[in-house]
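Working through the structure, step by step
Listed below are the residues making up each chain.
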Amino acid sequence: QLQPVESGGGLVQPVGSLRLSCAASGCIFSINAMCWYRQVPVKQREMVAVNSSGGRITYADSVKGRFTISRDNAKNTVYLQMNSLKPDDTGVYYCRVILMGGLGSWGQGTQVTVSS
């Protein structure tokens, strides 16, 4: 069973940095996309960044220029480097891994809190 596991969340002051990691394990044949989403209470889960096969990368407008998604295919791991963090970046960050056949799975989430 495909199972992503996130790590790296925590409390950081505004303009600080954090790096999230997500390692996928389980029945993995070929990963299509590795993605980061975030969610805050009373709001829908929103896409933050996507790293698709072939190197195509997409960012939400709110994080462009501040966040960088990268991927280590040998380790089935995706990273999210978050710089110049703002209080609005606070939320639970979820990793989603999508296989070539379309099967996808969510991680359990990791809390990121940006506060002074």
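Definitions and limits used
- Within any chain, residue numbers begin from 1 and follow the written order of that chain's sequence.
- Whole-chain, interface and lining totals are the exception, using all residues; otherwise, since this is a predicted model, local features are given only for residues with pLDDT of at least 70 and side-chain atom pairs are given and counted only at 80 or more.
- Hydrogen atoms and water are omitted, and side-chain values are computed over all heavy atoms in the structure.
- Strands here are runs of E lasting at least two residues and helices are runs of H or I lasting at least four, both read from the DSSP assignment and numbered beginning at the N terminus.
- A contact between two residues is defined here by any heavy atoms of the two lying within 4.5 Å.
- Three labels apply to residues, based on accessible area from a 1.4 Å probe with only protein chains included: buried if under 20% of the type maximum, exposed if over 50%, partly exposed otherwise in between.
- Here, strands pair whenever DSSP counts at least two bridges between them.

**Quick look at the environment of C95**
One can find C95 in strand β9 (residues 91–99). The sequence separation of C95 and S115 amounts to 20 residues, and the corresponding C-alpha distance is 23 Å. Discounting chain neighbours no more than four positions away, the residues touching C95 are P4, E6, C22, C35, W36, V78, S105, W106 and G107.

**Points about the pairing of β9**
Summarising burial for β9: seven of the nine residues are buried, a large majority. With eight bridges joining them, strand β4 (residues 31–39) and β9 adopt antiparallel strand pairing. Its bridge partner being in β9, C35 is matched across the sheet by R96. Bridge count for β9 against strand β11 (residues 110–114) is three bridges, and the pairing is antiparallel. Paired with Y93 across the two strands is T110, which belongs to β11. Where β9 lies against strand β10 (residues 104–106), three bridges are found, and the strand directions are antiparallel.

**Some thoughts on the environment of W106**
Take W106: it is sitting in strand β10. Sequence-wise, W106 and G10 are 96 residues apart; in three dimensions their C-alpha atoms are separated by 19 Å. Excluding residues that lie within four positions of it along the chain, W106 makes contacts with Q3, P4, Y37, R45, Y94, C95 and R96.

**Here's the deal with the pairing of β4**
Burial analysis of β4 places seven of its nine residues in the buried class, which makes it a mostly covered element. With six bridges connecting them, β4 and strand β5 (residues 46–52) associate as antiparallel partners. Within β5, the residue paired with W36 across the bridge is A49. Between the antiparallel neighbours β4 and β5 lie six residues, among them V42 with a positive phi of about 65°.

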